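Coordinate inspection notes
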Amino acid sequence: MKLKSLLLIALLALGQLIPLTTATAQQQEPLIIAHRGASAYAPEHSSVAVALAHAMDADYIEQDIVLTRDKVPVVLHDIQLDAVTNVAEVFPERTRPDGRYYVLDFSFAELQQLTLQARIDPNSGQVRYPRRFPAGYGQFRIMSLAEQLELIQGLNISRNELVGVYIEIKAARWHREQNYDITAAVMRVLHDYGYTGVVPPTPVYLQSFDPEVVRRLKREFHTRLPLVQLIGENRWNESPADYNVMRTAAGLEAVSSYADGVGVWGPQVLLGVNDEGQPQFSTLVTDAHKAGLFVHAYTLRADDLPAGVKNYAQLYEWLRQAGIDGVFTDFPDRHD
């Protein structure tokens, strides 16, 4: 069993579910977080992507969560279904006025009639990553959060491992505008599966781009689980937060009042490559560590490298040199 898993087991046995931060994180290799499962090899968030990530010895497997019409938390990255399912074939008349199919307009039972597929651009219809698992192959269905928790917990038993879950609450403000409370729905499922007790059944992180969601988890739900403030770019419109301010030393100090760590976009750490081919880093990781925050960077892809980076191994090594404590990756097998 891996050193990181053994350390996590020891912490759990002591009833101390603490994030691997500062001293502990900097003494070992970064955590490997399977981004939507092993999404380079199977449709994102499918049971196969989860099982592959587990078999590849990821430390954590990520779950993005949105809600169905009947308030079931399901594991999907988008609030719409267009890009990753065959919804237009199965329910051609179920669009909103903008022509999109929204998860919130379907019951969980209806979603089970759909097939997960390779991500496409809804406008062009072109596959995002053409050399990955091909569209139209296989039968993959949308999973609920409860189903993924059961799958990972079951694999932990059968493989004698302790792989964790890394849950992102998506578009909480949008859900609230539709009169749905996604944060409360997620916490109910976590309660049902033992994650609100003294010793959760697996390691776990909770994350959101919306600082109000993270603050609410701490102040209203009084969770002891490690909380992660995701930091994006303002142009993404993930929340009303000013991420430019959040990335400053003062902004990170403010984040430390309600979160344990930050999830940052790779280009916010690796700014580029100079004329000599050497990496140029921001002070983001150093500033976050000074504020007592761990740093997990997203998203590493061998088939979508930043400008100036020769290969995946180089990208990972440079981020490791920058001091990051974990990476979200579509390729969790490339870290042996």
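Counting restarts for each chain: residues are numbered from 1 in the order of the written sequence. For a predicted model such as this one, the threshold for reporting local features is a pLDDT of at least 70, and the threshold for listing and counting side-chain atom pairs is 80 or more; totals across whole chains, interfaces and linings nevertheless cover every residue. Side-chain figures throughout are based on the complete set of non-hydrogen atoms in the structure, without hydrogens or water.

In DSSP terms, a helix is any run of H or I states spanning at least four residues, a strand is any run of E spanning at least two, and both are numbered starting from the N terminus. Mapping Tyr205 onto the fold places it in strand E5 (residues 204-208). Owing to a relative accessible area of 1%, Tyr205 belongs among the buried residues under this scheme. With 124 residues separating them in the primary sequence, Tyr205 and Thr329 have C-alpha atoms 16 Å apart. Buried residues are those whose accessible area, probed at 1.4 Å on protein chains only, stays under 20% of the maximum for their type, while exposed residues exceed 50% and partly exposed ones sit between those limits.

So, about the environment of Val295. For Val295, the position within the fold is in strand E10 (residues 294-300). Sequence separation of Val295 and Gly326 is 31 residues, and the distance between their C-alpha atoms is 6.6 Å. Residue contacts are counted whenever heavy atoms from the two residues lie within 4.5 Å of one another. Excluding residues within four positions of it along the chain, Val295 makes contact with Val262, Val264, Val285, Ala288, His289, Ile324, Asp325 and Gly326.

Here the focus is helix H3 (residues 47-55). When we look at burial in H3, the residues that qualify are Ala49, Val50, Ala53 and His54. Angular distribution of buried residues about the axis of H3 spans 135°; they occupy a single face of the element. Structurally, H3 contributes buried residues whose contacts are with strand E1 (31-34), strand E2 (60-67) and helix H6 (145-159). Asp57 sits one or two positions beyond H3 and adopts a positive phi of about 65°. The reported arc concerns the directions from the helix axis to the C-beta atoms and nothing else.

A separate point is the pattern of salt bridges. Just to be clear on terms, a salt bridge is a Lys or Arg side-chain nitrogen sitting within 4 Å of an Asp or Glu carboxyl oxygen. Tallied over the full model, the rule gives 21 salt bridges. Two residues, Glu220 and Arg216, come together in a salt bridge whose shortest N-O distance is 2.8 Å. Of the charged contacts in the structure, one is a salt bridge between Glu317 and Arg320, with a shortest N-O distance of 2.6 Å. Separated by three residues within a single helix, Glu317 and Arg320 lie in helix H14 (residues 312-322), roughly one turn from each other. By relative accessible area, which is 27% here, Glu317 ends up partly exposed. The network of salt bridges with shared partners includes Arg36, Glu44, Asp64, Asp78 and Arg119.

Counting buried positions along E2 yields eight of eight residues, so the element is predominantly enclosed. Residues Tyr60, Glu62, Asp64 and Val66 of E2 are buried on one face, and the alternating residues Ile61, Gln63, Ile65 and Leu67, pointing to the opposite face, are buried as well. One requirement defines pairing of two strands: DSSP has to find at least two bridges between them. Relative to E2, E1 runs parallel, the two sharing two bridges. Among the inter-strand pairings, Ile33 is bridged to a residue of E2, identified as Tyr60. Looking at chain direction, E2 and strand E4 (residues 164-169) are connected through six bridges and run parallel. For Asp64, the partnering residue across the bridge sits in E4 and is Glu168. Hairpin connection from E2 to strand E3 (residues 73-75): five residues lie between these consecutive antiparallel strands, with Lys71 at a positive phi of about 65°.

What follows covers the pairing of strand E7 (residues 261-265). Of all five residues in E7, four are buried, a share of seventy percent or more. In the sheet, strand E6 (residues 227-231) pairs with E7 via four bridges, with the strands oriented parallel. The residue bridging Val228 from the neighbouring strand is Gly261, located in E7. In terms of strand pairing, E7 meets E10 through five bridges, oriented parallel.

On to the packing of H6 against helix H8 (residues 182-192), then. Relative to each other, H6 and H8 sit at 35°, their axes nearing to 10 Å. Of the two elements, H6 crosses H8, and the hand of that crossing is right-handed. Counted together, Leu145, Ala146 and Leu149 of H6 and Val186, Val189 and Leu190 of H8 form the full contact between these two elements. Residue type decides the class: Asp, Glu, Lys and Arg count as charged, Ala, Val, Leu, Ile, Met, Phe, Trp, Tyr, Cys and Pro as nonpolar, and the leftover types, Gly among them, as polar. Along the lines of polarity and charge, the residues of the contact of H6 with H8 split into six nonpolar, no polar and no charged. As a rule, the C-alpha atoms of each element are fitted with a line to give its axis, helices using only the stretch in contact, and angles between N-to-C directions run from 0 to 180 degrees. Note on convention: the crossing is left-handed when the near helix lies turned anticlockwise from the far helix by less than a right angle, right-handed when the turn is clockwise.

What pLDDT reports is the predictor's confidence in each residue, on a scale of 0 through 100. In the predicted model, the chain carries a mean pLDDT of 93, and 92% of its residues have values of at least 70. A low-confidence stretch, residues 5-27 (pLDDT under 50), is modelled with 43 contacts involving residues beyond four sequence positions or located in other chains.

Let us look at the packing of aromatic side chains. Between 30 and 60 degrees the pair is tilted, below 30 it is stacked and above 60 it is edge-to-face, where a pair is any two Phe, Tyr or Trp rings, Trp via its six-membered ring, whose centres lie within 6.5 Å. As enumerated under the stated definition, the model contains 13 aromatic pairs in all. With a centroid separation of 6.4 Å and 75° between ring planes, the pair formed by Phe209 and Tyr243 is classed as edge-to-face. One end of the pair, Phe209, is in the loop between E5 and helix H9 (211-219); the other, Tyr243, is in helix H10 (residues 243-246), with 34 residues separating them in the sequence. Relative accessible area serves as the criterion here: at 10%, Phe209 is assigned to the buried category. The buried category is assigned to Tyr243, whose relative accessible area is 1%. Its guanidinium or amino end placed over the ring of Tyr258, Arg215 lies 4.5 Å from that ring's centre, counting from NZ or CZ. To sit over a ring, a charge needs its Lys NZ or Arg CZ within 6 Å of the ring centre and within 35 degrees of the ring normal.

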